[in-house]
Amino acid sequence: MGSTDSKLNFRKAVIQLTTKTQPVEATDDAFWDQFWADTTTTVQDVFALVPAAEIRAVREESPSNLATLCYKAVEKLVQGAESGCPTEREKQVILNCTCILTRILPYIFEDQDWRGFFWSTVPGAGRAGTDELDDDDGARPLAESLLLAIADLLFCPDFTVHSHKRGPDSVENMQSIDSCEYIWEAGVGFAQSPPLNYIHDLNRTELLRLLLTCFSEAMYLPPSSDNSVLNPWVTFFCSTENRHALPLFTSLLNVVCAYDPVGYGIPYNHLLFSDYREQLVEQAVQILIVTLEHDGGVPHRPASPSSMEEQESTGPENLFVNYLSRIHREEDFDFVLKGLARLLTNPLTQTYLPNSTKKIQFHQELLVLFWKLCDFNKKFLFFVLKSSDVLDILVPILYYLNDARADQSRVGLMHIGVFILLLLSGERNFGVRLNKPYSIHVPMDIPVFTGTHADLLIVVFHKIITTGHQRLQPLFDCLLTIVVNVSPYLKSLSMVAANKLLHLLEAFSTSWFLFSAAQNHHLVFFLLEAFNNIIQYQFDGNCNLVYAIIRKRNVFHQLANLPSDPSSIQKALQRKRKSPDVISRTSSQETVSMEGSHPAVPAEPGTLKTSLVAIPGIDKLTEKSQVSEDGTMVSVPKTDSPHTVHPDQSAVAGTSDTESNSGRDNEDVFYTDAEMERRRLSSASSTSFWAPTPDWVLSWKCKLPLQTIMRLLQVLVPQVEKICIDKGLTDESEILKFLQHGTLVGLLPVPHPILIRKYQANAGTAMWFRTYMWGVVYLRNVDPPIWYDTDVRLFEIQRM
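Throughout, residues of each chain are indexed from 1 in the direction in which the sequence is written. pLDDT decides what is reported in this predicted model: residues at 70 or higher carry local features, side-chain atom pairs at 80 or more are listed and counted, and totals for whole chains, interfaces and linings draw on all residues regardless. Excluded from the side-chain calculation are hydrogens and water; included are all heavy atoms of the structure.

*Asks:* Tell me about the overall build of the protein, and name the residues and values.
*Replies:* Along the protein, the regular secondary structure elements total 33 helices and 7 strands. Residue burial in the protein is summarised as follows: out of 800 residues, 57% are buried. Residues count as neighbours in contact if any of their non-hydrogen atoms are within 4.5 Å of one another. Counting only contacts in the protein whose residues sit at least 6 apart along the sequence, the fraction spanning at least 24 positions is 79%. The method behind every accessible area is Shrake-Rupley, applied with a 1.4 Å probe, and residues are considered shielded solely by the protein chains displayed. With an accessible surface of roughly 33000 Å², the protein has 55% of that area assigned to carbon and sulfur atoms. Secondary structure elements follow DSSP: runs of H or I of four or more residues count as helices, runs of E of two or more count as strands, with numbering from the N terminus. Relative accessibility thresholds used throughout: buried, under 20% of the residue-type maximum; exposed, over 50%; partly exposed, between the two (1.4 Å probe, protein chains only).

Below you can see the structure in the form of C-alpha cells.
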C-alpha cells in the first residue's frame, strides 16, 4: 500500500473514531487494526493526522472509544514484547502503536477524571472469560503493562538491539533473554561496543519518547512543596518489578557519555549524513534526569554497598537513583566525567571552527545530570575535584552563564550553573584547583586578562552582576557565597579580577543601594568576608588585591562612617529614584573583550519560556561549616549571624521566572513574583511594607567585619605614601613590588576561622529542579511537539 493511501486510511479511521457516538466493541479488530496494521507513518505524520481538538472530542463525547483505543494499543505492545516482533510487519505495528500512544497520553493526563484510567485494570476488554486468579497479567493496571512492555521492547533482538543468535530459523525467546548482555554501549560496567545500527537507534528513540510521555504526568499537576508525592509512572518503572532496570540505566548512561558529536573524527561529516545517535542521546539524557528524582522529601543518601541488604526493606527504592549512587570504579568515573566534559564543551569548540562539528543543544539536561551525579554519589564528587579535570566542567559552565546573562528565557540555565558551582565550592579542593593558570581562552565577552581560573570566575561573575538581566538579582547571594567559599585558597588574583571585586563593593555599598531593600547589606558582608579570607590566609601572593584595596580605601572609610540618621536615609532613597539602575555600569572600567566573542543578547522576540518557582534564600540553600586546624569541617549551629536581620525577609528570598508587572519601579526585582501577586491582590499600597530605620541600619552596621582591612590600611597606607614621596613614584609596578615583599605578620587581628557555606538539599530546591527540568523537556521536544497546547499545570508558558 502506498504511503499516501495508508495515510488516507489512517485519517479515515481517526474521523470514524470521532464521529461514532456508539462504543466500538474491543473485539472489532477490523476497525481497530486500521490504526496500526497497514500504515507506515512517522511520528510527525501521527501528530498531523490526529489533531488535538479531535482527541479532546473523543475524550468528552465517546470516552469508551478512547479507552478502547488506548487499551488495544497497549495490548499490541504487550503482544510484541512477548513474541519479540519476528516480522517486519509486527515491528511496524509496534512503532505505530508507540506513536499513537505518545500523541494521546498528554490529553489523558490533562483531564483529572482520566488521570487514573491507566492505573485501573480494564475489566472484560479482550480478556473475556479469563479468571483473574489464573491470569496473573489480567490484574495488572494498564500503566504497568505498558511500562513493562516498553522495557522488554527496548531489548528486543533485531528491533532495538543486535541479535546474538546465529542461523536463519532461530528466534530468541524474549522471556529468557538476559538483557545485561544487550547493553547498548560500552562504558560503565560493560566493555563491548555493539556496532552502530541507525534503525535500532530510531526504534529506541521512539520507545524512549513514549516512555518520557508516560512520565510527563508530572507536568499536569500544579507545583507542590510536598515532596513525598511520587510520580507513579517513574516509581513503578524504576522498581524491582522492571527486570531490565539495571541494563537500561546502564545503556542510557553509556549512550550519553560515549556520544561524540564530532562525527567520529571526521570534521564536517554531520553535514553529509543524518546522525540518529544524537536524537537517541537527547531522549536518553531526558529519561535519566526525569527518573533520577528523590524518593520523597528525605534527601537521599544511599547506604554503602555492604549495607545494601538492610536497605532493601525500606519501602519503594528508585533503582536508577540506587545504581547511580553505587558507581564507584575510578575508570567508570573517568568515562562519565570525560564524556560530560566533552559534550558540555561542544558548543564552545563550535566557536573556534564554525560548523566543523554538530552543535548539540542539550547542555541544560547535561548540567542537571552532572548535578544529580554529584548530589547522589559523593565519591563521584570527590573524584571530580581530585584532579584539574573539574576545570573542564567549570569553563563551559562559566561560558554558558556569561552567554545567557541577558536572556530572560535562559534564567533557569543561569540558576543550574550557579547551583553546580555552589555545590562544588563547598569543597576545599575546588578552591585549590582554581589556582591553575587559565590559558585556553574560549571566546567570551569578558575583559582580556592573564591569570588563573579563579580570575576567570570572578570576571564572569562581575559581568553577570553588572550587565545581566535584572531577574538574576536573587542569584547575587549565591554568586558571592561561591566567591567567599573559594577565597581562602586563592593564591594570587590578577589586577583585573581584584579591580572587579572592588568595583562590586563600591556599587553595593552606596547608601541608596544599602537602604533600598532589607537584604542588600548581605552582599557587602560577603565581599568583606572574601577580602578578609584572602588577607588573612593568602596575603603573600595577593599584592594586586592589596593595592586595589589601598587605592579604593575611601570605600571602606565611607562604610565605617555610614550615616544612619533619618534624614540621611531619606536623602539616599531619593537619590535611588533618580538613578534606578542597581549598579552603575559606567563606573566599571570595561576593557577590550576577548577576540572572537559575541556580546550576550536578550531572547529573540517570540521565544517560548516556562516559569520557575522561587528559589529559597541563601540561608536555606546552605549550611555553615567551619574549617578546623587540621582541615576537617565542623558544621556550625544556626544562630543569628551578622547577616540575619529580622524584618520580613520572606519577600526577598528568591524570585521566579514568570513575568512581573514591569513598568513598576525597580524595587520589584527584590520580591518573588508570587509575593508580588499576593501583594497586588491584598492591597495596592502594601508594596511599601518595608522601610529602613536608624535602628535597623545600626543593627548590622556594628557587625561589618572591617577590622582586618582597617588595620591593613593603617599600616600600609603611610608606608606607600612615604615611598611615593621619597622616590617621586607614580609607577604602580614599583608599589606592587614593595607590597609583594611586605608582611603584616603580627600586625593583623588573629585570623578568624574559615567559614564555608555548603549547599544543602531542601524541599524548595527539589521543587525548583522539578519545574526547571520539566520546563526544559517541554521546550526541547518540538518535533513532534508532544505537550504543546495541552493544559500543563506545573509551570506557565509565555512568549517573549
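*Asks:* I'd like to hear about the side chain of E317, residue by residue, with values.
*Replies:* Mapped onto the secondary structure, E317 falls in the loop between α12 (308–312) and α13 (319–326). Look at E317: it is buried, it has no salt bridge, and the nearest opposite charge is R326 at 6.8 Å. Of the polar contacts made by the side chain of E317, one reaches the side chain of N322; its length is 3.0 Å. Just so you know, the count uses Lys and Arg for positive and Asp and Glu for negative, and it drops His and the chain ends. What counts as a salt bridge is simple: a side-chain nitrogen of Lys or Arg found within 4 Å of a carboxyl oxygen of Asp or Glu. Pairs of N or O atoms are called polar contacts if they sit within 3.5 Å, as long as, within protein, a hydrogen donor faces a hydrogen acceptor (for residues adjacent in sequence, only side-chain-to-side-chain pairs).

*Asks:* So what's going on with empty space enclosed by the protein? Which residues, and what values?
*Replies:* Cavities and pockets are found on a 1 Å grid laid over the protein atoms alone: a cavity is a set of points where a 1.4 Å probe fits but cannot escape, a pocket is an open set with protein on both sides within 12 Å along at least five of seven lines, and a lining residue has an atom within 4 Å of such a point. Grid points are joined across faces, edges and corners, and a volume is the space filled by probe spheres set on the points. One pass over the structure, following the stated rule, counts 4 cavities of 30 Å³ or more. Taken as a whole, the second largest cavity encloses approximately 130 Å³ of empty space. In terms of lining residues, the second largest cavity is bounded by 15 residues, among which V14, L17, V50, L69 and I104 are the most central. Sorting the residues of the lining of the second largest cavity by element identifies α1 (3–19), α4 (52–61), α5 (63–83) and α6 (88–109) as the ones contributing at least two each. Counting residues per element, the lining of the second largest cavity draws most heavily on α1, which supplies 4 residues.

*Asks:* Provide a residue-level description of the nonpolar core, including the pertinent values.
*Replies:* Ranked by internal contacts, the top residues of the largest apolar core, which has 250 residues, are F35, F118, L421 and W774. Examining the composition of this core, we find that 12 residues originate from one element, α6, more than from any other. In terms of domain composition, this core takes at least three residues from each of domain 1 (2–122 + 139–163 + 177–200) and domain 2 (387–588 + 623–636 + 691–760). Look past the residues within four positions of F118 in its chain and what remains in contact with it is C70, V74, L101, L105, I108, P141, L142, A143, L146 and W233. Nonpolar cores were defined as sets of buried Ala, Val, Leu, Ile, Met, Phe, Trp, Tyr and Cys residues, with membership established by side-chain atoms within 4.5 Å. The split into domains, and so the bounds of each, comes from an automatic or database assignment of domains.

*Asks:* Quick rundown of unusual backbone geometry? Include the residues and the values.
*Replies:* Residue P784 is bonded to the preceding D783 through a cis peptide linkage, with omega at 0 degrees. Mapped onto the elements of the fold, P784 is located in the loop between α33 (763–780) and β7 (797–799). Of note, the phi angle at D158 is positive, near 70 degrees, even though the residue is not glycine. You can see D158 is positioned in the loop between α7 (142–153) and α8 (198–215). Its identity is not glycine, yet D789 carries a phi of approximately 65 degrees, on the positive side. Position of D789 relative to the elements: it lies in the loop between α33 and β7. Since its relative accessible area comes to 54%, D789 is described here as exposed.

*Asks:* Hey, could you go over the sheet that holds strand β6 (residues 754–759) for me, with residue numbers and the actual values?
*Replies:* Strand pairing follows a simple DSSP-based rule, namely that at least 2 bridges must link the two strands. Strand order in the open sheet formed by 3 strands is β5-β4-β6, with antiparallel pairing between adjacent strands. In this open sheet, the two strands that pair with only one neighbour each are β5 (633–635) and β6. Across this sheet, the average inter-strand angle for adjacent strands is 40 degrees, counted without regard to direction. The axes are straight lines fitted to the C-alpha atoms, using for helices just the contacting stretch, and the angles between their N-to-C directions are given from 0 to 180°.

*Asks:* Lay out the packing of aromatic side chains in plain terms, naming residues and giving numbers.
*Replies:* When the centres of two rings from Phe, Tyr and Trp lie within 6.5 Å, Trp using its six-membered ring, the rings pair. Their planes under 30 degrees apart give stacked, over 60 give edge-to-face, and anything left gives tilted. Applying the stated rule across the entire model yields 36 aromatic pairs. Aromatic side chains F249 and F320 sit 5.4 Å apart centroid to centroid with 65 degrees between the ring planes, which places their arrangement in the edge-to-face category. With F249 in helix α10 (residues 245–258) and F320 in helix α13, this pair connects stretches of sequence that are 71 residues apart. Just as F249 is buried, F320 falls in that class too. Ring geometry for F333 versus F380: centroids 5.6 Å apart, planes at 65 degrees, classification edge-to-face. Taken together, the positions of F333 in helix α14 (residues 330–352) and F380 in helix α16 (residues 378–386) put the pair 47 residues apart, joining distant regions of the chain. Residue class for F380 comes out buried when judged on its relative accessible area of 0%.

*Asks:* Help me get a handle on the side chain of N254, residues and values and all.
*Replies:* Residue placement: N254 occurs in helix α10. Owing to a relative accessible area of 0%, N254 belongs among the buried residues under this scheme. Of the polar contacts made by the side chain of N254, one reaches the backbone nitrogen of V188; its length is 2.9 Å. When residues no more than four places from it in sequence are discounted, the contact partners of N254 are I183, E185, A186, G187, V188, F190 and F335.

*Asks:* Can you lay out the confidence of the model for the protein for me, pointing to particular residues and giving the numbers?
*Replies:* As a per-residue measure, pLDDT reflects the predictor's confidence and takes values from 0 up to 100. For the protein, per-residue confidence averages 85 on the pLDDT scale, and 83% of positions sit at 70 or higher. In this model residues 296–315 is a low-confidence stretch, pLDDT under 50, and it forms 21 contacts with partners more than four residues away in sequence or in other chains.

*Asks:* Describe the pattern of salt bridges, listing the residues and the values that go with them.
*Replies:* This model, assessed by the stated rule, comprises 33 salt bridges. As a salt-bridge pair, E206 and R209 come within 2.8 Å of each other at their nearest N and O atoms. You can see E206 and its partner R209 sitting in helix α8, 3 residues apart, about one turn around the helix. For E206, a relative accessible area of 15% corresponds to the buried category.

*Asks:* Summarise the packing of α5 against α7; cite the residues concerned and give the values.
*Replies:* Their axes nearest at 9 Å, the elements α5 and α7 cross at an angle of 40 degrees. Like other packed secondary-structure pairs, α5 and α7 cross with a definite hand, here left-handed. When α5 is examined against α7, the residues Y71, V74, L77, V78, G80 and A81 are found in contact with a partner set consisting of L142, S145, L146, A149, D152 and L153. Here the contact of α5 with α7 is built from residues that sort into 9 nonpolar, 2 polar and 1 charged. Crossing chirality is assigned from the near helix's rotation relative to the far helix, an anticlockwise turn below a right angle marking it left-handed and a clockwise turn marking it right-handed. Three categories are distinguished: nonpolar for Ala, Val, Leu, Ile, Met, Phe, Trp, Tyr, Cys and Pro, charged for Asp, Glu, Lys and Arg, and polar for the others, with Gly belonging to the last.

*Asks:* Tell me about the pairing of strand β4 (residues 622–627), residues and numbers included.
*Replies:* Strand direction decides the pairing type here: β4 and β6, joined by 6 bridges, are antiparallel. Paired with V627 across the two strands is I754, which belongs to β6. The loop that links β4 with its antiparallel partner β5 comprises 5 residues; one of these, G631, has a positive phi angle of about 90 degrees.

*Asks:* Residues and numbers for helix α30 (residues 694–701), please.
*Replies:* Looking only at α30, the buried set comprises W696, V697 and W700. In an axial view of α30, the angular spread of the buried residues amounts to 100 degrees, which keeps them on one side of the axis. In this description, the arc belongs to the directions extending from the helix axis to the C-beta atoms.

*Asks:* Can you lay out the environment of H503 for me, pointing to particular residues and giving the numbers?
*Replies:* Looking at the element boundaries, H503 is found in helix α22 (residues 495–508). On the basis of relative accessible area, H503 is assigned to the buried category, the value being 2%.

*Asks:* So, the packing of helix α25 (residues 543–551) against helix α32 (residues 732–741): which residues are in play, and what are the values?
*Replies:* Interaxial distance between α25 and α32 falls to 9 Å at its minimum, and their mutual angle equals 115 degrees. Considering their axes alone, α25 and α32 lie roughly perpendicular with respect to each other. Crossing angle aside, the handedness with which α25 passes α32 is right-handed. Residues C543, N544, V546, Y547 and I550 of α25 pack against E732, I735, L736, L739 and Q740 of α32. Any angle from 65 to 115 degrees is called roughly perpendicular, while one under 35 is roughly parallel, one over 145 is roughly antiparallel, and all others are oblique.

*Asks:* Can you tell me about the environment of F335, naming the residues and giving the values?
*Replies:* Structurally, the position occupied by F335 is in helix α14. In the structure, F335 is positioned 148 residues away from G187 in sequence and 6.7 Å away in space, judged by C-alpha atoms. Those residues within four positions of F335 in sequence are excluded, and the remaining contacts are A186, G187, V188, N254, C257 and A258.

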